[in-house]
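If you want the building blocks of each chain, they are given just below.
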Amino acid sequence: MSSNHWYKDAVFYELNLRAFADGNGDGHGDFIGLIERMDYLVELGVTAIWLMPFYPSPLKDNGYDISDFYNIDPAYGTLDDFKRALAEFHKRGIRVTVDLVVNHTSDQHPWFIESRSSKDNPKRDWYVWSDTDQKYQGTRIIFVDTEPSNWTLDPLTGEYFWHRFYKEQPDLNYDNPEVQAEMLNIMRFWLKLGIDGFRVDAVPYLFEREGQNGENLPETHAYIKQMRAMMDREFPGTIMLAEANQWPKDLMPYLQGGEFHMGFHFPLMPRLFMAVRQHNRRELINILNETPMLPEDLQWCIFLRNHDELTLEMVTEEQRQWMWKEYAPDPRMKLNLGIRRRLAPLLDNDRRRIDLLNALLFSLPGTPILYYGDEIGMGDDIWRYDRNGVRTPLQWDTSKHAGFSTADKIVEEVITDEVYGFHRVNVAAARQDAGSLFNAIRHQISVRKQHQIFGRGDFQILYPANEAIFAFERFLEKPELGATRVLVVANLADSEQEVVLDTSAYGNVAPIDLLTGQVYPNLGSDTYTLRLPAYGYIWLGV
Ligand code: NOJ
C-alpha cells in the first residue's frame, strides 16, 4: 500500500505504557515490557501507536503534567530503551506517535519553579501571571469537579497563575517568543529520534485574550502553522493529530489551514452511544451531515473510548443529561462533563452492541483508534481516583497481577471483579477462543486493511424508511487495494429489522459481505430488501 499519507490507512492503538507490561519487575509498565509484548500488537493488526506520556512527571495528571520534556521517566526506562522500542516498532512496520503536551507543564518543572521564585526571574514570563484573578472571565473551567477557577494564587509573589487544567499544571505563555521557540525544539528532539508524529494535547487553549472564550484564537492557529511548517521542512512525512474537543466547524481550520494532518472527531463519539441506546440513527446522521469530507491529505480520527472520561462537551445540555441518565446511573460514574467507564461496561458487556460499534468504528470515514484493553473487553473501577479506573493494567493471563508484573506491589491494581476480572477477561483466554471479542476485532481490522476504501473512500448516507437502520456507502474509484464500493448496513435496534434500500445505482451484481464472505442477492433494484438480526451489521462490497 502506498506509504504516502500512511495515516489515512492506519489503525491506531492508544497505548498506556504505565499499565501495559512491566519488564523489570518493579510493578510499573515500561519500555522493556512493551518490547517483550510487542508481537501482541502485530497479532491484533494495528499499524500505528499513540504512546501516552512517558516523560518525567509527578503524575498529578497521569503524565500530562511534565517536569522534563527531554527525557523518559525512570520508571519507564531510559532514553535508550525508548529508542530500542521505537526501532522494534518500526521493524514490525508499526508507526509511532507520541503525546506532545504543548499547553502546560507540571508545577514541578524547573521552568515553573524558577518562574514562581520572583517577579523579575528571567522565566517569569514563561507562564501567565496576573495580579488579579478577574482576567479572561469568558474562559470556561474544564476540570469542573476539582478546580474552582483557572487562576491560582501563588503566595510567594502574591500573584495568580493561569491554568486550564489542574492547578498543578500551569499554562505556558505562548505570547513569549522564547516559549514558542522552545516547544519547536522539544518537537525536534523527538522527531530526530525518528518518531512518526505527535498527538498534540489540549490544542485550543494556547493563548489567552480578554473578551474571548480562550479557545481556537487566531494566534493559536498561527503558532500551529509554525509547528507544521517546521515539521514539513525538517522532518517531511511526520504528522500531527489534534486533540481539540470541538465541533467540526471549529476543527476544520485546524485541518484546512495547513496545520494538522488529522483531528479527533469528538462529537461523533457520544452519538454512537446514543444511536445504539435510542435504536435510532437520527443523532448520527445529524452530526455526520455537519462533518465535511476531507481531501486526500487530511483525515478524521474516530474512536469509541480513550483514557479520559467519555466526554460530553460536544452535546447539548439535554443530550448530556440523557447520556448521564442512560450511561452513568451511579453518580460515581460521572466525572467533570463526562462518564468514567470503559467500553464493555458501558454496553452492559453485550457482545452484539460492542461488535456493532466496532463495525462502525472500522467503516465510517476516518482513521480508527482503539483504546488498549478494549480489544479484550476489559472492565473499569469507578471507585478509583480521577480517571484511574479506566487505566488499569492490561490483563494478559490468569497469573499473578494478570501477567502484567511479577512485582509484589504494582502501580495500579488490576481489575478483579467477577465479570471483568482477569481470571475471566485476559489476552491468553481471548486468543484461544475463536469467538472472542479479540478475534472479532482482529478480523474486522484485517478486513479493513484489505480495502483501502475504508480509510480513503467517499461517504454517503442512505435514508431508508426504517430509522433503526443506519446505512451508508463508501466509494473509491481506483483503490490500490480492494473494493470500489461498500454498502454498510447496521441495525441499531435490539430486534430483527427489515430494510428496503435503493440499490439501482449499482447495476446487477452480487455483493459479498466482506466480513463473512457471504454472497448476497444481486444489487440493482430500488427495493432491495434485507433482514438484519438485532444489532446486526454487514459490509457489502462490490
Ligand atoms: C487531554 C488529555 O487527554 C487528558 O488526559 C489531560 O488531563 C488533559 N488533556 C490535560 O493535559
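None of these values were measured; they are calculated from a predicted model.

Chemist: I'm lost on the overall build of the protein chain in this one. Help?
Modeler: The number of helices and strands found in the protein chain is 14 helices and 21 strands. Viewed in the frame of its principal axes, the protein chain has a C-alpha envelope of about 75 × 55 × 45 Å. Evaluated residue by residue, the protein chain yields a buried proportion of 64% over its 542 residues. Considering only intrachain contacts with a sequence separation of at least 6, the fraction spanning at least 24 residues in the protein chain is 68%. A total accessible area of about 19700 Å² is found for the protein chain, and carbon and sulfur atoms account for 50% of it.

Chemist: Honestly, the site of the ligand in this entry has me stumped. Any pointers?
Modeler: Taken together, the neighbourhood of the ligand is formed by D61, Y64, H104, F143, F165, R199, D201, E243, H307, D308, R387 and R391. Measuring from an oxygen atom of the ligand, one finds a side-chain N or O atom of R387 at 3.0 Å. When the ligand is considered free in solution it has 290 Å² of accessible area, and contact with the protein chains removes 98% of it. Tallied by class, residues from the shell around the ligand come to three nonpolar, two polar and seven charged.

Chemist: Sorry if this is basic, but what is going on with unusual backbone geometry here?
Modeler: Glycine aside, residues mostly have negative phi angles, and peptide bonds mostly take the trans form. Here H401, not a glycine, exhibits a phi torsion of approximately 50 degrees, which is positive. By relative accessible area, which is 12% here, H401 ends up buried. Positioned with a positive phi, A402 is a non-glycine residue whose angle comes to about 60 degrees. Here A402 shows up in the loop between β14 (367-371) and α12 (427-432). The class for A402 is buried, based on a relative accessible area of 0%.

Chemist: For this particular structure, what's the right way to read helix α7 (residues 268-278)?
Modeler: Turn by turn, an α-helix covers 3.6 residues, leaving residues three or four places apart pointing in a common direction. Counting buried positions along α7 gives nine out of eleven residues, so the element sits mostly inside the fold. Of the residues making up α7, those classed as buried are L268, M269, P270, R271, L272, F273, M274, A275 and V276. Tucked inside the fold, the buried residues of α7 contact α8 (282-289), β10 (299-303), β11 (310-311), α9 (317-327), α10 (343-346) and α11 (351-361). Following α7 by one or two positions, H279 adopts a phi angle in the positive range, close to 55 degrees.

Chemist: What am I meant to see in the sheet that holds strand β8 (residues 239-242) here?
Modeler: Hydrogen bonds between backbone groups are what pair the strands of a sheet, and the pairing can be parallel or antiparallel. On the basis of which strands lie adjacent, the closed barrel formed by eight strands has the order β1-β2-β3-β7-β8-β9-β10-β14 and parallel pairing. Averaged over all pairs of adjacent strands, the angle between their axes in this sheet comes to 25 degrees, without regard to strand direction. Pairing of strand β7 (residues 197-201) with β8, which is carried by four bridges, proceeds in the parallel orientation. Across the sheet, F198 pairs through a bridge with M240, a residue of β8.

Chemist: Please clarify how the packing of helix α4 (residues 177-192) against helix α5 (residues 218-234) should be interpreted in this entry.
Modeler: The packing of two helices is summarised by the inter-axis angle and the distance between the axes. The N-to-C vectors of α4 and α5 enclose an angle of 35 degrees; their axes lie 11 Å apart at closest approach. At the point where α4 passes α5, the crossing takes the right-handed sense. Residues Q180, M183, L184, M187, R188 and L191 of α4 form the contact with α5, whose participating residues are Y223, Q226, M227, M230, M231 and E234. For the contact of α4 with α5, a count of residues per class yields eight nonpolar, two polar and two charged.

Cut-offs applied
Residues numbered from 1 in each chain as written. Predicted model: local features only at pLDDT ≥ 70, side-chain atom pairs only at ≥ 80, totals over all residues. Heavy atoms only, no water. Helix = DSSP H or I, 4+ residues; strand = E, 2+ residues; numbered from the N terminus. Buried < 20%, exposed > 50% of the residue type's maximum accessible area, 1.4 Å probe, protein only. Contact = heavy atoms within 4.5 Å. Areas by Shrake-Rupley, 256 points an atom, 1.4 Å probe, with all protein chains shown as cover. Near = heavy atom within 4 Å. Polar contact = N/O pair within 3.5 Å; in protein donor to acceptor, adjacent residues only side chain to side chain. Nonpolar A, V, L, I, M, F, W, Y, C, P; charged D, E, K, R; others polar. Pairing = 2+ DSSP bridges. Axes fitted to C-alpha atoms, helices over the stretch in contact; angles between N-to-C directions. Left-handed = near helix turned anticlockwise from the far one by under 90°.

These figures capture arrangement, not role.
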